[in-house]
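Structural overview
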Amino acid sequence: MVLNNGQKWQTDDALRKGMTEIRSVVADALHPIHEGRFAAADFGTLADKVQEHTDFIVANCKLPADADLQLHFAIAQILDGVTAMKEEAGQDQGVVHVIQALNAYGEHFDHPGWVPLSH
């Protein structure tokens, strides 16, 4: 992703709502994941929640073409993470992909109050 001539890209309510929800469900899962208390089924449930919020963004977000193109990079990485969370191995790496996408989103899009996640 790149900035818009050195500035963050604009967002709309749907994008901010969806990304906030994705960040929230991932943040809630981090502690149990780090403690090894997150089972394969839990990763599947998390993947479904992230997918649901991503689908909301895709259906409702209306950005100008240039900003939308940049958003697609983050969405693609989030979806790669969703796919990995549904696999038998490397589920935790799927969460890392989503976190990286969320943090890149925060660096490139104007989302007031956005706080990056660490993992």
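The model shown is predicted, which means the values in this text are computed figures rather than measured ones. (Residues numbered from 1 in each chain as written. Predicted model: local features only at pLDDT ≥ 70, side-chain atom pairs only at ≥ 80, totals over all residues. Heavy atoms only, no water.)

1. Quick notes on the overall build of the protein chain
Counting its regular elements, the protein chain contains four helices and zero strands. For the protein chain, the C-alpha radius of gyration of 14 Å lies close to 14 Å, the compact-globule estimate for 119 residues. Expressed as lengths along the three principal axes of its C-alpha atoms, the size of the protein chain is roughly 40 × 25 × 20 Å. Looking at the protein chain as a whole, 44% of its 119 residues qualify as buried. Counting contacts in the protein chain only where the partners sit at least 6 residues apart, residues at least 24 apart contribute 73% of the total. Carbon and sulfur atoms make up 50% of the accessible area of the protein chain, which amounts to about 6400 Å² in all. Between the centroid of the 8 positive side chains of the protein chain and the centroid of its 17 negative side chains there is a distance of 6 Å. (Helix = DSSP H or I, 4+ residues; strand = E, 2+ residues; numbered from the N terminus. Rg over C-alpha atoms; globule rule 2.2 N^0.38 Å. Buried < 20%, exposed > 50% of the residue type's maximum accessible area, 1.4 Å probe, protein only. Contact = heavy atoms within 4.5 Å. Areas by Shrake-Rupley, 256 points an atom, 1.4 Å probe, with all protein chains shown as cover. Lys, Arg positive; Asp, Glu negative; His and termini not counted. Charge placed at Lys NZ, Arg CZ, Asp CG, Glu CD.)

2. Observations concerning helix H3 (residues 65–85)
Every α-helical turn comprises 3.6 residues, leaving residues that sit three or four positions apart pointing alike. Helix length check: H3 (21 residues) gives 30 Å between terminal C-alpha atoms against 30 Å at 1.5 Å per residue, within 8%. Of the surrounding secondary structure, the elements contacted by the buried residues of H3 are helix H1 (13–34), helix H2 (40–60) and helix H4 (91–108). (Expected span 1.5 Å × (residues − 1).)

3. Details of the packing of H1 against H4
Where H1 contacts H4, the axes come no closer than 11 Å and their chain directions differ by 140 degrees. Viewed along their axes, H1 and H4 adopt a mutual orientation that is oblique. Two packed elements cross with a definite hand, and for H1 against H4 that hand is left-handed. Taking contact as the criterion, the partners of Leu 15, Arg 16, Met 19, Ile 22, Arg 23, Val 26, Leu 30 and Ile 33 in H1 are, on H4, Val 95, Val 98, Ile 99, Leu 102 and Tyr 105. Across the contact of H1 with H4, the residue classes break down as eleven nonpolar, no polar and two charged. (Axes fitted to C-alpha atoms, helices over the stretch in contact; angles between N-to-C directions. Parallel < 35°, antiparallel > 145°, perpendicular 65-115°, else oblique. Left-handed = near helix turned anticlockwise from the far one by under 90°. Nonpolar A, V, L, I, M, F, W, Y, C, P; charged D, E, K, R; others polar.)

4. Considering the packing of aromatic side chains
Across all of its chains, the model carries three aromatic pairs by this definition. Ring geometry for Tyr 105 versus Trp 114: centroids 5.0 Å apart, planes at 80 degrees, classification edge-to-face. Since its relative accessible area comes to 0%, Tyr 105 is described here as buried. Members of the aromatic cluster, connected to one another through ring pairs, are Tyr 105, Phe 109 and Trp 114. In this structure, Lys 17 is placed above the aromatic ring of Phe 56, and the distance from its NZ or CZ to the ring centre is 5.0 Å. (Phe/Tyr/Trp six-rings, centres within 6.5 Å; stacked < 30°, edge-to-face > 60°. Lys NZ or Arg CZ within 6 Å of the ring centre and 35° of its normal.)

5. Quick look at the side chain of His 53
Residue placement: His 53 occurs in helix H2. A relative accessible area of 15% places His 53 in the buried class. In this structure His 53 touches Gly 18, Glu 21, Ile 22 and Val 25, once residues within four positions along its chain are discounted.

6. Here's the deal with H1
Helix length check: H1 (22 residues) gives 32 Å between terminal C-alpha atoms against 32 Å at 1.5 Å per residue, within 8%. When we look at burial in H1, the residues that qualify are Ala 14, Leu 15, Gly 18, Met 19, Ile 22, Val 25, Val 26, Ala 29, Leu 30, Pro 32 and Ile 33. The secondary structure elements touched by the buried residues of H1 are H2, H3 and H4. After H1 finishes, the residue Gly 36 shows a positive phi value of roughly 75 degrees.

7. Some details on unusual backbone geometry
At Asn 5, a residue that is not glycine, the phi angle is positive and equals roughly 50 degrees. With respect to the element layout, Asn 5 can be found in the segment before H1.

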